[in-house]
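Here is how the chains run, residue by residue.
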Amino acid sequence: MEERLKSYIATMEKLAESWEKENGTMMDEQEKNRQMEDLLIQIGFFQHERLVHLIVTVTFALLTMLAILGVMLEPQPALFILILLLVVLLVPYIRHYYILENGVQKLYKYYDKLMKL
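Here is what the cut-offs are and how they apply
Residues numbered from 1 in each chain as written. Predicted model: local features only at pLDDT ≥ 70, side-chain atom pairs only at ≥ 80, totals over all residues. Heavy atoms only, no water. Helix = DSSP H or I, 4+ residues; strand = E, 2+ residues; numbered from the N terminus. Rg over C-alpha atoms; globule rule 2.2 N^0.38 Å. Buried < 20%, exposed > 50% of the residue type's maximum accessible area, 1.4 Å probe, protein only. Contact = heavy atoms within 4.5 Å. Areas by Shrake-Rupley, 256 points an atom, 1.4 Å probe, with all protein chains shown as cover. Lys, Arg positive; Asp, Glu negative; His and termini not counted. Charge placed at Lys NZ, Arg CZ, Asp CG, Glu CD. Salt bridge = Lys/Arg side-chain N within 4 Å of Asp/Glu carboxyl O. Polar contact = N/O pair within 3.5 Å; in protein donor to acceptor, adjacent residues only side chain to side chain.

*Asks:* Describe the overall build of the protein, naming the residues involved and giving the relevant values.
*Replies:* A count of helices and strands for the protein gives three helices and zero strands. Each helix (α) and strand (β) of the protein, taken in turn from the N terminus, gives the series α-α-α. Taking 13 Å as the expected radius of gyration for a compact globule of 117 residues, we find that the protein reaches 21 Å, considerably beyond that expectation. Seen along its three principal axes, the alpha-carbon backbone of the protein occupies a region of about 70 × 20 × 20 Å. Residue burial in the protein is summarised as follows: out of 117 residues, 30% are buried. Considering only residue pairs separated by 6 or more positions, the protein has 84% of its internal contacts joining residues 24 or more positions apart. As displayed, the protein offers around 8000 Å² of accessible surface, 66% of which is attributable to carbon and sulfur atoms. Placing the 12 positive and 15 negative side-chain charges of the protein at their respective mean positions leaves the two points 4 Å apart.

Spelled out as structure tokens, the structure:
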């Protein structure tokens, strides 16, 4: 999904440049509506993906915190290994969620630009 988001943002950057070049001319209303509809559909897909990854990331963070609490109450080697495994998984989840969040925010900006045309 990360590659798809980056690819779509690159496409939107090229479109935004062409919108700015056509500064003086009005975009065809039909084309504008088609672009806005497509952008809203893509934003919806990425928002759904973002929500799913938020739920997974928060779940892993809570499990990590519970494991840390368990180590504080009763230190056991198995809990240390569990914490290590959870942190190893948590870091990529946080990174992926960060990319999704920032990507969706960029798409919002492109939608706002399109609205102003």
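*Asks:* Talk me through the pattern of salt bridges; I want residue IDs and the actual numbers.
*Replies:* Side chains carrying opposite charge are able to pair once their charged atoms draw close together. Throughout the structure, instances matching the rule amount to four salt bridges. In this structure, Glu-2 and Lys-6 form a salt bridge, with 3.1 Å as the shortest nitrogen-oxygen distance. Residue Glu-2 and its partner Lys-6 are both found in helix 1 (residues 2-21); the two are separated by four residues, about one turn of the helix. One salt bridge connects Glu-2 with Arg-95, and the closest N-O pair in it is separated by 3.1 Å. Of this pair, Glu-2 sits in helix 1 while Arg-95 sits in helix 3 (residues 77-116), and the two are 93 residues apart along the sequence. Relative accessible area serves as the criterion here: at 15%, Glu-2 is assigned to the buried category.

*Asks:* Outline the environment of Thr-59, listing residues and values.
*Replies:* The topology assignment puts Thr-59 in helix 2 (residues 29-73). Residues Thr-59 and Leu-90, spaced 31 residues apart in sequence, show a C-alpha to C-alpha distance of 9.5 Å. A polar atom in the side chain of Thr-59 sits 2.7 Å from the backbone oxygen of Ile-55.

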